[in-house]
Number of protein chains: 4
Amino acid sequence: MIRVTLWYEYAQELGEVRREFVPGMDDETYAGFAEFMKSRAEKIRQVYPKGLMGTLAEALSKDPELEITMTNIFEPEYGLPDELLEKTDVLVWWSHVLQETIPDSLAMKIVQRVQKGMGFVPLHSAHKSKPFMYLLGTSGCLKWREDDFCRVWTAMPSHPIAQGIPEYIELEEEEMYGEPFDIPRPDDNIFISWYRGGELFRSGCTWTRGYGRIFYFQPGHETSPNYHNEYIQKIIDQGIHWTAPRVWRKDFDCPNIVDAPEKR
Amino acid sequence: MIRVTLWYEYAQELGEVRREFVPGMDDETYAGFAEFMKSRAEKIRQVYPKGLMGTLAEALSKDPELEITMTNIFEPEYGLPDELLEKTDVLVWWSHVLQETIPDSLAMKIVQRVQKGMGFVPLHSAHKSKPFMYLLGTSGCLKWREDDFCRVWTAMPSHPIAQGIPEYIELEEEEMYGEPFDIPRPDDNIFISWYRGGELFRSGCTWTRGYGRIFYFQPGHETSPNYHNEYIQKIIDQGIHWTAPRVWRKDFDCPNIVDAPEKR
Amino acid sequence: MIRVTLWYEYAQELGEVRREFVPGMDDETYAGFAEFMKSRAEKIRQVYPKGLMGTLAEALSKDPELEITMTNIFEPEYGLPDELLEKTDVLVWWSHVLQETIPDSLAMKIVQRVQKGMGFVPLHSAHKSKPFMYLLGTSGCLKWREDDFCRVWTAMPSHPIAQGIPEYIELEEEEMYGEPFDIPRPDDNIFISWYRGGELFRSGCTWTRGYGRIFYFQPGHETSPNYHNEYIQKIIDQGIHWTAPRVWRKDFDCPNIVDAPEKR
Amino acid sequence: MIRVTLWYEYAQELGEVRREFVPGMDDETYAGFAEFMKSRAEKIRQVYPKGLMGTLAEALSKDPELEITMTNIFEPEYGLPDELLEKTDVLVWWSHVLQETIPDSLAMKIVQRVQKGMGFVPLHSAHKSKPFMYLLGTSGCLKWREDDFCRVWTAMPSHPIAQGIPEYIELEEEEMYGEPFDIPRPDDNIFISWYRGGELFRSGCTWTRGYGRIFYFQPGHETSPNYHNEYIQKIIDQGIHWTAPRVWRKDFDCPNIVDAPEKR
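A quick note: this is a predicted structure, and the numbers were derived from the prediction, not measured.

## Things to note about the overall build of chain A
When its secondary structure is counted, chain A shows seven helices and nine strands. Against the compact-globule benchmark of 18 Å for 264 residues, chain A has a radius of gyration of 19 Å, which places it among compact chains. Along the first, second and third principal axes, the C-alpha set of chain A runs to 70 × 45 × 35 Å. Buried positions account for 66% of the 264 residues belonging to chain A. Contacts spanning at least 24 positions in sequence make up 74% of the contacts within chain A whose residues lie at least 6 apart. For chain A, the accessible area works out to roughly 9600 Å², and carbon and sulfur atoms hold 49% of it. A gap of 5 Å separates the mean positions of the 29 positive and 42 negative side-chain charges of chain A.

## Details of the interface of chain A and chain D
Across the contact, 39 residues belong to chain A and 39 residues belong to chain D. Between chain A and chain D, roughly 3000 Å² of surface is buried when both sides are summed, and carbon and sulfur atoms account for 56% of that area. Contact with chain D buries area across many residues of chain A, yet W144, C254 and I257 of chain A alone supply 17% of it, more than any other trio. For the pair chain A and chain D, the interface holds two salt bridges. For D187 of chain D, the salt bridge is made with R185 of chain A, and the minimal N-O distance between the two is 3.5 Å. There are 16 residue pairs in polar contact (both at pLDDT 80 or more) connecting chain A and chain D. Among the elements of the structure, α5 (104-116), α6 (130-136), β5 (143-154) and β8 (200-209) of chain A are those that each provide at least two residues to the side of chain A that touches chain D. Here the side of chain A that touches chain D is built from residues that sort into 16 nonpolar, ten polar and 13 charged.

## A closer look at the packing of helix α3 (residues 52-60) of chain A against helix α7 (residues 230-243) of chain A
Residues and elements named next belong to chain A. Packing of α3 against α7 leaves a shortest axis separation of 10 Å and a crossing angle of 70°. Overall, the two elements α3 and α7 adopt an arrangement that is roughly perpendicular. Between α3 and α7 lies a crossing whose hand is right-handed. Facing α3, whose interface residues are L56, A59 and L60, α7 presents Q233, I236, D237 and I240. Class assignment for the residues of the contact of α3 with α7 results in five nonpolar, one polar and one charged.

## Observations concerning empty space enclosed by the protein
Any empty space left between atoms is shown by rolling a water-sized probe over those atoms. Taken as a whole, this structure holds two cavities of 30 Å³ or more when the rule is applied. The space that makes up the largest cavity amounts to roughly 350 Å³. What lines the largest cavity is a set of 27 residues, and nearest its centre among them are R185 of chain A, R185 of chain B, R185 of chain C together with R185 and P186 of chain D. Listed by contribution, the elements that provide at least two residues to the lining of the largest cavity are β8 of chain A, β8 (200-209) of chain B, β8 (200-209) of chain C together with β8 (200-209) of chain D.

## Here's the deal with the sheet that holds strand β4 (residues 119-123) of chain D
Residues and elements named next belong to chain D. Here we have nine strands laid out as an open sheet, ordered β2-β1-β3-β4-β9-β8-β7-β5-β6, and mixed in their pairing. Two strands in the sheet have a free side with no partner beyond their single neighbour: β2 (66-72) and β6 (168-178). Strand-to-strand twist of the sheet, defined as the mean angle between neighbouring strand axes without regard to direction, takes the value 25°. Here helix α3 (residues 52-60) sits on the sheet in contact with β1 (2-8), β2, β3 (90-94) and β4, set at roughly 170° to β2. Running at roughly 165° to strand β9 (residues 212-217), helix α7 (residues 230-243) makes contact with β1, β2, β3, β4, β6, β7 (188-195), β8 and β9 of the sheet.

## Points about the relation of the copies chain A and chain D
Of the two same-sequence chains, chain A is brought onto chain D (RMSD 0.0 Å, axial shift 0.0 Å) by a rotation of 180°. Interpreted geometrically, this transformation is the action of a two-fold axis. The residues that chain A uses at the interface reappear at the interface of chain D in 100% of cases, marking a shared surface.

## Describing the side chain of T223 of chain A
Residues and elements named next belong to chain A. Within the element layout of this structure, T223 appears in the loop between β9 (212-217) and α7. With relative accessibility at 8%, the residue T223 sits in the buried group. Beyond its immediate sequence surroundings of up to four residues, T223 is in contact with R40, K43, I44, V47 and E173.

## Things to note about the relation of the copies chain B and chain D
When chain B is brought onto chain D, the operation consists of a screw motion whose angular component is 180° and whose axial shift is 0.0 Å, with 0.0 Å RMSD remaining. Mapped onto chain D, 95% of the interface residues of chain B again fall at the interface, so both copies present the same surface.

## A word on the confidence of the model for chain A
Do not read the predicted coordinates in detail wherever pLDDT is low. Chain-level pLDDT for chain A is 96 on average; 100% of the residues reach the 70-or-more range. Taken over the whole predicted complex, pTM reads 0.98, whereas the ipTM for its chain interfaces reads 0.96.

## Comments concerning the pattern of salt bridges
Residues and elements named next belong to chain B. In the structure shown here, the tally under the stated rule is 64 salt bridges over all chains. For the salt bridge of R40 with E146, the shortest nitrogen-to-oxygen distance reads 3.4 Å. Residue R40 is found in helix α2 (residues 27-47), and its partner E146 is found in strand β5 (residues 143-154); the two are separated by 106 residues along the sequence. A residue is classified by how much of its surface remains accessible, and E146, at 31% relative accessible area, is partly exposed.

## A few points about helix α5 (residues 104-116) of chain D
All names here are of chain D. Taking 1.5 Å of rise per residue, 13 residues should cover 18 Å, and α5 covers 18 Å from first to last C-alpha, within 8% of that figure. Buried within α5 we find L106, A107, M108, I110, V111, R113, V114 and Q115. Of the residues trailing α5, G117 is marked for its positive phi of about 140°.

## Digging into the packing of aromatic side chains
Scanning the model with the defined rule gives 70 aromatic pairs over all chains in all. Ring plane angle 40° and centroid distance 6.5 Å describe the contact between Y48 of chain B and Y227 of chain B, whose orientation is recorded as tilted. Here Y48 of chain B, found in the loop between α2 and α3 (52-60), pairs with Y227 of chain B, found in the loop between β9 (212-217) and α7 (230-243); they are 179 residues apart in sequence, far enough to count as distant. For Y48 of chain B, a relative accessible area of 1% gives the class buried. Y227 of chain B sits in the buried class, given a relative accessible area of 0%. Taking the ring centre of W242 of chain C as reference, the NZ or CZ of R213 of chain C above it sits at 4.4 Å.

## Quick notes on the interface of chain B and chain D
At the interface, 21 residues of chain B touch 20 residues of chain D. Joining chain B to chain D, the criterion identifies four salt bridges. In this structure, R196 of chain B engages E262 of chain D in a salt bridge whose closest nitrogen and oxygen atoms are separated by 2.7 Å. Broken down by secondary-structure element, the contributors of at least two residues to the side of chain B that touches chain D are β5 and β6 (168-178) of chain B. A total of three residues in the side of chain B that touches chain D trace back to one element, the largest contributor, which is β5 of chain B. Residues that form the side of chain B that touches chain D fall into these classes: nine nonpolar, three polar and nine charged.

## Quick look at the environment of G140 of chain D
All names here are of chain D. When you line up the elements, G140 lands in the loop between α6 (130-136) and β5 (143-154). Note on G140: relative accessible area 0%, which makes it buried. Sequence spacing of G140 and D188 is 48 residues, and the spatial spacing of their C-alpha atoms is 17 Å.

## Section: the environment of Y227 of chain D
For the pair Y227 of chain D and P81 of chain D, spaced 146 residues apart in sequence, the C-alpha separation works out to 27 Å. Excluding residues that lie within four positions of it along the chain, Y227 of chain D makes contacts with Y48, L52, M53, T55, L56, W94, L123, P219, G220, I232, Q233 and I236 of chain D.

## A look at the sheet that holds strand β2 (residues 66-72) of chain B
Strand pairs in the sheet, formed through backbone hydrogen bonds, run parallel or antiparallel to each other. Residues and elements named next belong to chain B. Ordered by their spatial adjacency, nine strands build an open sheet running β2-β1-β3-β4-β9-β8-β7-β5-β6, and the pairing between neighbours is mixed. Either end of the sheet is taken by a strand with one partner, and the two such strands are β2 and β6. Averaged over all neighbouring strand pairs, the angle between strand axes comes to 25°, with direction disregarded. Inspection of the sheet shows strand β1 (residues 2-8) paired to β2 by seven bridges, in the parallel sense. When the bridges of β2 are listed, Y8 appears paired with N72. Of the strands in this sheet, β1, β2, β3 (90-94) and β4 (119-123) are in contact with α3, which crosses β2 at around 170°. In the packing of α7 onto the sheet, the strands contacted are β1, β2, β3, β4, β6, β7 (188-195), β8 and β9, and the crossing angle to β9 comes to about 165°.

## Notes on α3 of chain A
Residue and element names in this part refer to chain A. Of all nine residues in α3, eight are buried, a share of seventy percent or more. Those residues of α3 that sit buried are L52, M53, G54, T55, L56, A57, A59 and L60. In this fold, the buried residues of α3 make contact with β1 (2-8), α1 (11-14), β2 (66-72), β3 (90-94), β4 (119-123) and α7.

Definitions and cut-offs
- Residues numbered from 1 in each chain as written.
- Chains lettered and ligands numbered in written order.
- Predicted model: local features only at pLDDT ≥ 70, side-chain atom pairs only at ≥ 80, totals over all residues.
- Heavy atoms only, no water.
- Helix = DSSP H or I, 4+ residues; strand = E, 2+ residues; numbered from the N terminus.
- Rg over C-alpha atoms; globule rule 2.2 N^0.38 Å.
- Buried < 20%, exposed > 50% of the residue type's maximum accessible area, 1.4 Å probe, protein only.
- Contact = heavy atoms within 4.5 Å.
- Areas by Shrake-Rupley, 256 points an atom, 1.4 Å probe, with all protein chains shown as cover.
- Lys, Arg positive; Asp, Glu negative; His and termini not counted.
- Charge placed at Lys NZ, Arg CZ, Asp CG, Glu CD.
- Buried area = accessible area lost by both parts, 1.4 Å probe.
- Salt bridge = Lys/Arg side-chain N within 4 Å of Asp/Glu carboxyl O.
- Polar contact = N/O pair within 3.5 Å; in protein donor to acceptor, adjacent residues only side chain to side chain.
- Nonpolar A, V, L, I, M, F, W, Y, C, P; charged D, E, K, R; others polar.
- Axes fitted to C-alpha atoms, helices over the stretch in contact; angles between N-to-C directions.
- Parallel < 35°, antiparallel > 145°, perpendicular 65-115°, else oblique.
- Left-handed = near helix turned anticlockwise from the far one by under 90°.
- 1 Å grid on protein atoms, 1.4 Å probe; cavity = no way out; pocket = protein on both sides within 12 Å on 5 of 7 lines; lining within 4 Å.
- Points joined across faces, edges and corners; volume = space filled by probe spheres on them.
- Pairing = 2+ DSSP bridges.
- Least-squares fit on C-alpha atoms with pLDDT ≥ 70 in both.
- pLDDT = per-residue confidence, 0-100.
- Expected span 1.5 Å × (residues − 1).
- Phe/Tyr/Trp six-rings, centres within 6.5 Å; stacked < 30°, edge-to-face > 60°.
- Lys NZ or Arg CZ within 6 Å of the ring centre and 35° of its normal.

What follows is the structure, given as structure tokens:
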């Protein structure tokens, strides 16, 4: 049984952002932002009547090996109190406009939990989330544009995450993310996406950090219906299985080996 | 001074293939093949009046640090006798329909010269050449289609091979090469190409084998004018500089260290 | 069920080498060589009454998920006819003095089977075997010395191949293999060995070639008793599981995609 | 000209630690710590009359291509004000007992400067420094023991950082650092160290983060005389040249590409 925590910003769906989530924003900007979030929520409801993560959770819950907990930034301790984090085998993470709201201290707890063995599956705009940037050590910068036709190519068909996936998946509408994508050399670059507007993007990549594995996957714009797509669901499901921990690191000690092996 | 050998199949330009180059081909197939080669030569002459490699050589010869020797499969010993190979710092290699004509023994000499330090820059259809496949250990398989619009994206702008290259280069016509491309994990994936027909391709990649460095670069279809393109020329020039040997391995001994360091 | 083929040179145990296996050797050298092989066989019998591979096979056969076939170079077609190769999921390979006896054509068949998905576990002196060198594209050169104390360190404790293995394994006697080891950048460097004589060696490494996975593991000198060691057995067993194919490539076609995805 | 900043903790040499540097330490612990630092300073003066970094700086200043600035944690803004950081091409960093004193905000500035192109050469105990951990995304954990004989092996003789370095360097005394070393897969693992006590360590490794290059090198225990060693000096000098920036990233924007390339 893999204990999966789906963490979601949720502000998009709720159509509101708590004033204290964006303390640095002036009142006028906040007003416009709140307005934008409201209109966004309406769109999302049309595309995802059960919610963005609700739809993904429903799909993943068909896999009997996964035990799914949903949480979001509106819950206490930004939705990820220690008790929950410590019971999480794989953290699936969708964040966007509130990336900066997550305190560094929480981001660092996630980083350390990954280093101890937890799987991490950052989705879509989580390329600029603190846990993503702090684990990879890069900025996650990229180009973007709303609403383009996207064709996700399987560049590495033998990878466990790509099993059962066709040579390409067509997504009628997805946010364009374009190269250069500021990431360190991936362990494996499994998927690369083609956009009709002329760009391309390394959209499915893995890395290892300590005992933990990371799988980033690009599709998941909040107003595009791609979490309804069975192949996208399957890739995320397989990403969860692939990043699931086999063994945990207990601590971050640097032990002083007073008795050298050669003298024992 | 970098001693560059431009090795080229040449049959395309010459418009003929020696009968003994394709011993396994039956007479009828050979007749059709010869016909095809003739018509191809006419097209090439229109696009490259100075020849495919002639054009590239002319461009590279503007770089005062390069000393260029051109050779081809019609020369003695398939154009690469030991004396020439042993004076080559970087081997630029364009091959296509006669990949199988190169004897294994010559391919293995090239492989070993790379392992000793020689730079290797296989271009375009050399993805199925013996030196490429024997160095990488994979099949080099890919998809293809003649004549598509191609946009070469710079995915790794900080790499020495990408200096001075814009975010993308547009090629009005190039052969489409598509993923999955059967290569081992690259050291660096510097360029990725987008094709209007819907495919994409990791078109500029590096690997290290022994003391030698390899840079594969996709553009270079014989009837597309891309070796006239200044950026394509610049990338190949920078690829030559980047793969140029810094130090040579002398032999492939496995020495028996009778006196252990700890007992000396 | 994983169909494992244990391929073994066997000349060492048998104490003889067929004259035709070493056609390039002059008679005098052959006489000395034959003498050496005889004396070697006596030593091996003392250390491995059931044989070098016999001992390993016995250990591996305790794993109910493995179906083991033993074969060797004295069998028809050098022990690896097409029918057997095509039924092999993971090929475990121990070779040494007869590496050159294996024809290139057989080595290339093995290479292609790996590219199609077969796991490959070259052991010990197989670092100079043709399948190893042709898959990795490097010479496999290293330093060596007979009979040293060896401590195998687990550098990557979270890797599936290292599960249940302690921080180090002590081998009272093993052949020393020393750096530099001429291999391409490994996917993972799981084990590194320390020798009392003063050297060290990247002794457990993985690579991917096409659909296939490779795990090289150093211990296994024919007169050292290390295939009796439970941890060494466990590592090889886990290496077999880890390299076992998940999916097979059917052919090495480069399809011409006449109908572009954008026009379908 | 490469503008090199040698940043050094300095407390070890000075023999004192400002009380405010270790706010979390209780008075009794601080007293013992201060005592230890004093005695350490005496030892260092014997080994390095010109100081630990003073010795290294003197050696590096023989290279006419380097322009060296020394600084330390006792200077304003922990020795690295923005004006200095922004004029730094390569940051050489030695830190140890005061790693936690460096504020996260400064560590993040260093991280971002590396991502923009600055070279970073963390030495010895900097494996637990914040810039090291935040760039690599791992804990940097390892084993250690004071004062062991160390033999640094060159595992990758063709790398620019290893030019002119013999197959191994013997250091009569160095702190032992042992595997497992919690680092992500290195781009290149150039040096591996053997310790007489029985351990080994990947002591010279490189990574890329954004536009910046990183070279970690292990030797440099404050009471061992290894910065007097010409080969160690040469390796660090070559590490500086190798990490020196070729091109700088200007910002960390994620531009919205409203006009798709295909519509321009």
